[in-house]
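Structural description and commentary
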Amino acid sequence: MLRLVKAESFKLSKKLKSWLGPLLIMVLVLIAFPLSIDISQFDLAKFYFSIIVVSLLMTSFVATEGMFEEDFEDGSLEQEFLIEKDFYKLVLSKIFVYVCLIGIPIAFIGALFSFANGVAIGSFASVFLLLSLSNLLLFNLFAFGNALSINKGAMLGVLSSLPLALPIIILLGTAVRSIQFGDGFVAIITLMTGIGLLMSAIMPLIISAALKTHID
Amino acid sequence: MKLLSAQNITYSINENKLFHNLSFNINSGEGLHIKGGNGSGKSTLLRIILGITSPSKGFVETHAQDLNISYLGHKNAIKNYLTPLENLELLFNDAELKIAFEWLRKFGLFDLQDELTASLSYGQQKKLALIRVLARSSDLIILDEPLVGLDQATADQLTSFLIEKLSEGVSLILTSHINPMIDCRVLDIGANDA
């Protein structure tokens, strides 16, 4: 497992476009989206939820786009299958590395930009935690979409898995509102953590089966 | 010692049988050359042996526990955006890396170890991919058309290596259009269908 995490971290760190692209998109969307809809600074806090949802969805899309495609095309998946006999550990490692190297920096950027969008400075830690958990859920989901259509262009599968992101968006919205307007944050974060852990354990099994079907 | 046995392997695509009722065994130190024309299913048979592809009928049974297999198929499994050195570091531990460096020298890739793999020629990339097999100790080596894209000197080096491994008790399964000049059993799957 450690071997896979080290290898995946190394590979991702060498692919500048794969990790820097989503971060730049996050920054661009957070800056450009409020400007494009012409809202006053007093309304920014109300719109923060929309802005953050759009940003997270787009960046998760882009970040997970080539997650398995390259390994499928160059034959690395077959080699990994010979060593491990399935892809569970590989998928788990990939999602872990993507969340650590892309998801958490995105959450940090999102939390930083939340001040500019009228969210209280004291909420930094809450927003950061919330966005990190949302990224964990979205990366798991879109990794599944990516694995579904690996030989037909991974974006197609990511798009087809988009409706499954709806419950995550609802949870994210509820959590953002609880940060902005009231309490109940701990309950929602606990729920999201639970779902995140469950998804992280189950999704690699499903993705592993999907990948095996593709190399068969 | 019997390493692996295939029993009544049949593989069909859209009711078109690629091969039918193939049965064979592989013992330690034994070589098997799978022969056949284009599209006869040589690569598919290798993938069935490896457990990557499921046969339509029949099964492959391994008789050794934790059978250590080295495989090189049509896909090189190397990363173009990394250097040859980084590719090898991803694959090997320190002991294997020493052997890999020797092969880099033998294959004339040592001076290119810090170049981007994408800038290497097809033959050089193939040599780099072959090091995956050559630097790792294994019980069974499976190679799909290993001589394609290699110059004569490299093909000779590879052949010598495989002969040496066979004498050490390592088993070998390979597909090749041309005679690999290695003393091994021939399984002609092109002829099997008839």
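None of these values were measured; they are calculated from a predicted model.

Residues and elements named next belong to chain B. The sheet contact formed by strand E1 (residues 2–13) and strand E2 (residues 16–27) spans eight bridges and is antiparallel. From the neighbouring strand, Ala6 faces E2, where its bridge partner is Phe24. Between E1 and the antiparallel strand that follows it, E2, lie two residues; Asn14 among them carries a positive phi value of about 50 degrees. Two elements, E1 and strand E4 (residues 57–62), share five bridges in a ladder whose sense is antiparallel. Following the sheet pairing, Leu4 is matched in E4 by Thr62.

Residue and element names in this part refer to chain B. The topology assignment puts Leu116 in the loop between helix H3 (94–106) and helix H4 (122–134). The partly exposed category is assigned to Leu116, whose relative accessible area is 44%. Each C-alpha atom, one on Leu116 and one on Pro84, is 7.1 Å from the other, the two residues being 32 residues apart in sequence. Apart from the residues within four sequence positions on either side, Leu116 is in contact with Asn80, Tyr81, Leu82 and Thr83.

The subject of this paragraph is the interface of chain A and chain B. The interface of chain A with chain B comprises 19 residues on the first partner and 18 residues on the second. In total, chain A and chain B occlude about 1,800 Å² of area from one another, counting both sides; carbon and sulfur atoms represent 52% of this. Contact with chain B buries surface across chain A, with Glu78(A), Gln79(A) and Leu82(A) losing the most and accounting together for 32% of the total. Counting the contacts that link chain A with chain B gives five salt bridges. In this structure, the salt-bridge partner of Arg47(B) is Glu78(A), at a minimum N-O distance of 2.5 Å. The interface formed by chain A and chain B holds 14 residue pairs in polar contact (both at pLDDT 80 or more) in total. Only helix H1 (2–14), helix H4 (69–74), helix H5 (76–84) and helix H10 (185–215) of chain A provide two or more residues apiece to the side of chain A that touches chain B. Here the side of chain A that touches chain B is built from residues that sort into six nonpolar, three polar and 10 charged.

Given 3.6 residues per turn, any residue in an α-helix points the same way as the ones three and four places further on. Look at helix H9 (residues 166–181) of chain A: 22 Å from first C-alpha to last across 16 residues, which is about the 22 Å you get at 1.5 Å a residue. Listing the buried residues of H9(A) in full gives Ile168(A), Ile169(A), Leu171(A), Leu172(A), Gly173(A), Ala175(A), Val176(A), Ser178(A), Ile179(A) and Gln180(A).

Below, the discussion takes up the confidence of the model for chain B. Per-residue pLDDT for chain B averages 88, and the proportion of residues at 70 or more is 98%. Among the scores for the predicted complex, ipTM is 0.85 and pTM is 0.87.

Here we take up the layout of surface pockets. Approximately 370 Å³ is the volume found for the largest pocket. As for the largest pocket, its lining consists of 22 residues, of which Arg3(A), Glu80(A), Leu90(B), Leu91(B) and Arg132(B) are closest to the centre. Breaking the lining of the largest pocket down by element, the ones donating at least two residues are H1 and H5 of chain A together with helix H2 (84–91) of chain B. Classifying every residue of the lining of the largest pocket by side-chain character gives nine nonpolar, four polar and nine charged.

Attention shifts here to the side chain of Asn140(A). Residue and element names in this part refer to chain A. With respect to the secondary-structure elements, Asn140 resides in helix H7 (residues 124–148). Judged by its relative accessible area of 0%, Asn140 is buried. At a separation of 2.9 Å, a polar atom in the side chain of Asn140 contacts the main-chain carbonyl oxygen of Leu136. Excluding residues that lie within four positions of it along the chain, Asn140 makes contacts with Ile95, Met199, Ser200, Met203, Pro204 and Ile207.

So, on to the side chain of Asp144(B). All names here are of chain B. The topology assignment puts Asp144 in strand E6 (residues 140–144). An unpaired buried charge is present at Asp144: no salt bridge exists, and Lys42, the closest side chain of opposite charge, is 6.7 Å distant. Separated by 2.6 Å, the side chains of Asp144 and Ser43 make a polar contact. There is a polar contact of 2.6 Å between the side chain of Asp144 and the side chain of Thr175. Not counting chain neighbours up to four residues away, the residues in contact with Asp144 comprise Ser43, Leu46, Leu72, Gly73, His74, Lys126 and Thr175.

This part takes up the packing of aromatic side chains. The geometry of an aromatic ring pair is captured by the separation of the ring centres together with the interplanar angle, meaning the angle of the planes. Counted under the stated rule, the structure contains nine aromatic pairs over all chains. Look at Phe61(A) and Phe142(A): their rings are 5.0 Å apart centre to centre, the planes differ by 75 degrees, and that puts the pair in the edge-to-face class. One end of the pair, Phe61(A), is in helix H3 (residues 44–64); the other, Phe142(A), is in helix H7, with 81 residues separating them in the sequence. The same class applies to Phe61(A) as to Phe142(A), namely buried. Members of the aromatic cluster, each reached through a chain of ring pairs, are Phe108(A), Phe124(A) and Phe128(A). Over the face of the ring belonging to Phe72(A) we find Lys75(B), whose NZ or CZ atom lies 4.8 Å from the ring centre.

What counts and how
- Residues numbered from 1 in each chain as written.
- Chains lettered and ligands numbered in written order.
- Predicted model: local features only at pLDDT ≥ 70, side-chain atom pairs only at ≥ 80, totals over all residues.
- Heavy atoms only, no water.
- Pairing = 2+ DSSP bridges.
- Helix = DSSP H or I, 4+ residues; strand = E, 2+ residues; numbered from the N terminus.
- Buried < 20%, exposed > 50% of the residue type's maximum accessible area, 1.4 Å probe, protein only.
- Contact = heavy atoms within 4.5 Å.
- Buried area = accessible area lost by both parts, 1.4 Å probe.
- Salt bridge = Lys/Arg side-chain N within 4 Å of Asp/Glu carboxyl O.
- Polar contact = N/O pair within 3.5 Å; in protein donor to acceptor, adjacent residues only side chain to side chain.
- Nonpolar A, V, L, I, M, F, W, Y, C, P; charged D, E, K, R; others polar.
- Expected span 1.5 Å × (residues − 1).
- pLDDT = per-residue confidence, 0-100.
- 1 Å grid on protein atoms, 1.4 Å probe; cavity = no way out; pocket = protein on both sides within 12 Å on 5 of 7 lines; lining within 4 Å.
- Points joined across faces, edges and corners; volume = space filled by probe spheres on them.
- Lys, Arg positive; Asp, Glu negative; His and termini not counted.
- Phe/Tyr/Trp six-rings, centres within 6.5 Å; stacked < 30°, edge-to-face > 60°.
- Lys NZ or Arg CZ within 6 Å of the ring centre and 35° of its normal.

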